[in-house]
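Below are the chains, spelled out letter by letter.
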Amino acid sequence: GQAAVHAAIDLGASSGRVITGRLVDGVLRTEEVARFANTPVTVPVEGGERLHWDVLSLYAGARRGLDRAARDHGPLASAGIDTWAVDYGLLDAEGALVGNPVHYRDSRTEGAAERVFAHLDQAALYAVNGLQVQPFNTVFQLAAAAGSAQLAAARDLLLIPDLLGYWLTGERCAELTNASTTGLVDVRGRRWARPCLDLLEQGFGVAAEALLPDLVEPGHTIGHLRDTGTPLVAVGSHDTASAVVAVPARTPRFAYISSGTWSLVGVELDRPVLSEQGRAANFTNELGVDGTVRYLRNVTGLWLLQESLRTWRDRGREADLPDLLARAARLPKLSCVVDVDDPRFAPPGDMPARIAGFAAETGQRPPADEAEVVRCVVDSLALAYRRAVRQAAELSGQEAEVLHVVGGGSRNALLCQLTADATGLPVVAGPAEGTAVGNLLVQARAVGAISGGLPELRRVVADSFTTLTYEPEGERSPWDRAQRLLWPERNT
Ligand code: ADP
Ligand code: LRH
């Protein structure tokens, strides 16, 4: 008979898509049935403005995708949802959305982490949640929102994939991999962390325990779609968790970059590393599928290119990414580098101007045109990857012999080659829709269409998608010099 059809709803920070998958003789055949923009919206509030996700349009896009999948393929065997991490919607006593979810790049979190650390110091918090400090971790967002009318009206807090799942099925839960990015999960016990709940309750008057639903592991059936009865399966609902499932590694000695709006750079472990060195290097322990831990650092990723292109287009200039990358590839390497994780690059805005500012402050000649900006960004990303890959190995004791790149950034050949050159590791690029692939495989396993652990799922990925391999070329010394320019304190 016909192979069962599964549907992945995958919402990234730059776009959403619905992708179907069928397993035929151990090969996953995927098809994109819908793609829609994810365009944040700024609106005024008292004393300023607020950056929101347009969550209703994302829900509508997901719904249309599911309808289209069912129309093309007949009844679906399962569906699963993943999105970016940390953000949430609030529901009132009637289950109605209270306000529009706030974007993690909104400025309301300024200073919130410091206020949290006044109650529970940074090292004590890390010992419980194992999470790198990002100003937008949910725990800091909740501290920032403390005292607001919306929080006072809220009865439930649902992370974005769980919110969409609630709208589709009527069931409320918190999928664990994404919950681990909140800062409220005990990374060893894989449950809500008492000290973090108490911190919000006692320090900020936020009734976190009452707001948070029960945790579920990937593979759990959340409920059934209200209209068709299709089971909605909890997948790695954190997009990065699903992306790492889809790394087509043939060896356990691999490092990965989940490359999209962010670049998540690290290794997979079977238990967290909670060392002081790891905390100081801002390495995070996110929970993964099948009891794994993603030990990684968030590196500012293609966001820098996305915002540069937006800036140029807003000024009426033509800006085509493949064309600019081709021009950038002909420019000399490493003539200007920036620390992509400098906080000035985090909010939306004029990236070319911020890059020029960084260059001037560090005694470098700023990029003179669009192609030079693009060259600067890709060189700087490769440099940041080199540092993160080396630190991941050093801090975890797990050396990699190959570096896998999944996500949209795996389509960037210049960046992949430079990443190989900078790290000295062969880079295997693809699949570009790794997140949706990981989402599909976990669903398929949950409904019995496939079996096995992560190595078996990864073999299916390797057998289903072509990848490109980039071998390291050129001297390593220019990378060493560039690294010393940006981070003089360390040589690794
Ligand atoms: P997210 O899930 O965070 O929205 P994606 O994984 O979809 O991100 O990656 C989007 C990025 O991938 C784009 O911003 C772009 O930089 C890169 N990308 C996509 N297609 C190409 C391409 N053909 N060439 C170069 N880069 C590409
Ligand atoms: C990538 C991602 C990343 C988080 C960020 C907020 O899309 O989920 O893993 O840190 O968004």
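In this text, all values refer to a predicted model and were calculated from it rather than measured experimentally.

Observations regarding the sheet that holds strand E20 (residues 427-429)
Sheet strands pair via backbone hydrogen bonds, and the direction of the pair is either parallel or antiparallel.
Next up, step 1: Here we have seven strands laid out as an open sheet, ordered E17-E18-E16-E15-E19-E20-E21, and mixed in their pairing. Looking along the sheet, the strands with just one partner apiece sit at the ends: strand E17 (284-287) and strand E21 (468-470). Between one strand and the next, the sheet's axes are offset by a mean angle of 30°, whatever the strand orientation.

Focus on the sheet that holds strand E14 (residues 231-233)
Next up, step 1: Read across the open sheet, the six strands follow the order E3-E2-E1-E6-E14-E13; overall the sheet is mixed. Of all strands in the sheet, those with a lone pairing partner are strand E3 (27-37) and strand E13 (221-224), marking the two edges. Strand after strand, the sheet turns through a mean of 25° between neighbouring axes, direction not considered.
Next up, step 2: Bridge count for strand E6 (residues 78-83) against E14 is two bridges, and the pairing is parallel. Paired with Ala79 across the two strands is Leu232, which belongs to E14.

Considerations on the site of ligand 2
Next up, step 1: Contacts to ligand 2 come from 14 residues, most closely from Trp84, Ala85, Asp239, Thr240 and Trp262.
Next up, step 2: Sorting the residues of the shell around ligand 2 by element identifies helix H10 (239-245) and strand E16 (262-269) as the ones contributing at least two each.

Structural notes on the UniProt feature "domain: Carbohydrate kinase FGGY C-terminal" (unreviewed entry) in the protein chain
Next up, step 1: The UniProt record annotates "domain: Carbohydrate kinase FGGY C-terminal" (unreviewed entry) at residues 255-446.
Next up, step 2: For residues 255-446, helix accounts for 46% and strand for 17%, while the C-alpha atoms at its two ends are 26 Å apart.

Digging into the packing of helix H15 (residues 370-396) against helix H16 (residues 413-423)
Next up, step 1: Two elements in contact, H15 and H16, have axes whose closest approach is 8 Å; the angle formed by their N-to-C orientations is 40°. Of the possible angle classes, the one that applies to H15 and H16 is oblique. As H15 runs across H16, the sense of the crossing is right-handed. Residues Val378, Asp379, Leu381, Ala382, Leu383, Tyr385, Arg386 and Val389 of H15 form the contact with H16, whose participating residues are Leu414, Leu415, Leu418, Thr419, Ala422 and Thr423.
Next up, step 2: Residues belonging to the contact of H15 with H16 are distributed by class as follows: ten nonpolar, two polar and two charged.

The rules behind each value
- The residue numbers shown here count from 1 along each chain, following its written sequence.
- In the order they appear in the text, chains get letters beginning with A and ligands get numbers beginning with 1.
- It should be noted that, the model being predicted, local features are given only for residues of pLDDT at least 70 and side-chain atom pairs only at 80 or more, the latter also being counted only at that level, while totals for whole chains, interfaces and linings use all residues.
- One requirement defines pairing of two strands: DSSP has to find at least two bridges between them.
- Going along the chain from the N terminus, every DSSP run of H or I of four or more residues is numbered as a helix, and every run of E of two or more is numbered as a strand.
- Axis lines are fitted through C-alpha atoms, for helices just across the contact stretch, and the angle between N-to-C directions can take any value from 0 to 180 degrees.
- We call a residue near a molecule or strand when the C-beta position, derived from backbone atoms, sits within 6 Å of it.
- UniProt positions are given in the numbering used here, feature names are shortened, and annotations may be inferred rather than shown by experiment.
- An angle counts as roughly parallel when it lies under 35 degrees, as roughly antiparallel when it exceeds 145, as roughly perpendicular when it falls between 65 and 115, and as oblique in every other case.
- Note on convention: near helix rotated counterclockwise from far helix by under a right angle means a left-handed crossing. Clockwise means right-handed.
- C-beta atoms are first placed from the backbone for all residues, and any pair lying within 7 Å is then listed as a contact.
- Under the scheme applied, nonpolar residues are Ala, Val, Leu, Ile, Met, Phe, Trp, Tyr, Cys and Pro; charged residues are Asp, Glu, Lys and Arg; polar residues are all the others, including Gly.

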